[in-house]
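A closer look at the structure
For reference, the chains in residue letters:
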Amino acid sequence: MVVGLTRSNRIDEVIACTLSFLSVLIQVAFIAIIGGDSFLGAEFSSEIPAAKKYRESTAHDFVRLDLAQVSLASRVCSGDKSLISSTKQLAILDDINSYMGLGPGDFTYPAAPPGLFLCLSCIILWSLYICNDIRSIALSVESVSGIARGRHTELKNCSCKVISRIRFAAFLASRLVQLGFSTYVFYVGVKWLGRTTSIQDLILNAAALGTILEVDQLILSAMMPRSIQRAVQDLDSEDIYRSRLRSGCEAMVISMCTVLVVVTSYTYLLRPLTFDLLEVKRHYCSGRHDFAVTYNQDAQFTVALSTRKYEPSMPTTVSEDVVGELIGLGPGHHPTRGKMASSLSQFNYFAGTTLENRESSFEATCYDFDKGLNAIAYTWWFSSAAFVLGVPHAQTCKDLEHLCDRHEASSLRHLCGVTCRCDDPYRHSYTLAGCTKSCRALALSKATCDDMDHTTTPWSEFWDVFLYLAGNFSSAPEMMVMVQQEIEFRTSQGC
């Protein structure tokens, strides 16, 4: 408006024109960037197939169980903050729960999702930004339109008396560009806010959008030569007549437009988004979490395992207990329930060894390891076995005798062969896992080829153990009924 009409020198006028052109370029760059998928991101509905794939492939993978034998799905859906994998899924679920106002186990649509109402508030705030900008554009056009047109622009006493047609056309073009920019940015901004699923980012995003509209004002105040700024500020404002009817109509139009934006945003953006959020959460976390699967490549079938449910205050595993103890120990000290290897080769040996591999060592004899020097050498192993069986303070084999028949007591049977009756010829074969070959050989030497009397204690103990083990291998009701009937027959009739 004032370039060429003030006492500014040529350099200031060139800088002013350059900055005006730069402002247009920056606005065009903003349009190109914020209108692309790299800024807006994909619609949240695209997370649905990804969530389904994650749940069916990764979340229940056996190799992803933690030390406590808890599945990855259970940890993610319970919000375990100690996770170092699947952190993206954990963040998505946190955002969904915060946006919808849900707990970890809630899957129903809430009465008043906090994220939805906050997003509508931010869209209203963004609409006010745009309304203010468009209103400023309209007022400036109306004000300049009231100035007489001529061949040359006349500026007298800080008031524009006549504006040239070329200058007026350039002014209208700049206002139209600004209007187009504001309209497009408004559309993209509403779309961006409607796709924001983080309740913490909503207000920040709305405020950031407002900064985009102030690009030209920032350039004017920060970089425009002072002579040009002073000339613009000294211009007298043109009076615009406003009747009461016009003021009321303006307020009504602005209010109706704002309501229309809110209703449209809710119908086409926010409500579908909330349903997508719930659908993604259902794919991630609905149904059962406490199981893991693995695929047997050789036999070509999948086997599933029931795992522990995640609890924030769940008992510590033996490995976690050892780690916690080692953290507080100095060099040269050994953990109570773990083996401190002296070299990498020893570490690999103990990490990969099995009870069957130890059969060839001198230790694989049939006696209790809590006797004599062995009680010192294998305290850590015995303590670990006791911890696994839920009796961490056990001191001797006798303390754990009542647990010898447990399926997971293989280490106990290996360490306490005598107490666990590994040398008993009538011991059930399924509870021999862990018993040393020496114990089994001793049991075989005691055996006689005679039918056992079905009224004796060993006979009833045999079938009690059989029932326990059958429950571990199969939970099918039909199978358990058949097993119970077989046991009742055998205990009453014998061989």
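What comes next is a walk through the structure. (Residues numbered from 1 in each chain as written. Predicted model: local features only at pLDDT ≥ 70, side-chain atom pairs only at ≥ 80, totals over all residues. Heavy atoms only, no water.)

1. A look at the overall build of the protein chain
Looking only at helices and strands, the protein chain features 19 helices and five strands. Expressed as a percentage of the 495 residues in the protein chain, the buried residues total 36%. For the protein chain, the computed accessible surface area is about 28,800 Å², with 60% contributed by carbon and sulfur atoms. (Helix = DSSP H or I, 4+ residues; strand = E, 2+ residues; numbered from the N terminus. Buried < 20%, exposed > 50% of the residue type's maximum accessible area, 1.4 Å probe, protein only. Areas by Shrake-Rupley, 256 points an atom, 1.4 Å probe, with all protein chains shown as cover.)

2. Brief notes about the state of the cysteines
Enumeration according to the criterion identifies four disulfides in this entry. In this model C77 forms its disulfide with C285; the gap between the sulfur atoms is 2.0 Å. The sign of the -95° torsion about the S-S bond sets the C77-C285 disulfide as left-handed. One end of the pair, C77, is in helix α4 (residues 72–77); the other, C285, is in helix α11 (residues 244–285), and 208 residues separate them in sequence. For the pair shown, C77 and C285 are each scored as buried. Bridging C397 to C416, the disulfide has an S-S length of 1.9 Å. Taking the sign of the torsion about the S-S bond as the criterion, the disulfide between C397 and C416, at about -70°, is left-handed. In this pair, C397 is assigned in the loop between α15 (379–388) and α16 (410–415) and C416 in the loop between α16 and α17 (437–446), connecting sequence segments 19 residues apart. (Disulfide = S-S within 2.5 Å.)

3. As for the side chain of S198
Relative to the elements of secondary structure, S198 occurs in the loop between α7 (165–195) and α8 (201–213). Among the polar contacts listed, one links the side chain of S198 to the side chain of Q200, at a separation of 3.1 Å. (Polar contact = N/O pair within 3.5 Å; in protein donor to acceptor, adjacent residues only side chain to side chain.)

4. What to know about the nonpolar core
By size, the foremost hydrophobic cluster in this structure holds 47 residues, and its most contacted members are Y99, W126, L193, V280 and Y284. Secondary-structure elements contributing two or more residues to this core are α3 (47–57), α4, α5 (87–100), α6 (114–145), α7, α8 and α11. In terms of residue count, α11 provides more of this core than any other element does, nine residues in total. Excluding its chain neighbours within four sequence positions, the residues that come into contact with L193 are C119, C122, I123, W126, L202, N205, A206 and L209. By size, the runner-up hydrophobic cluster in this structure holds 23 residues, among which are F369, F382, L400 and L432. (Core = buried A, V, L, I, M, F, W, Y, C linked by side-chain atoms within 4.5 Å. Contact = heavy atoms within 4.5 Å.)

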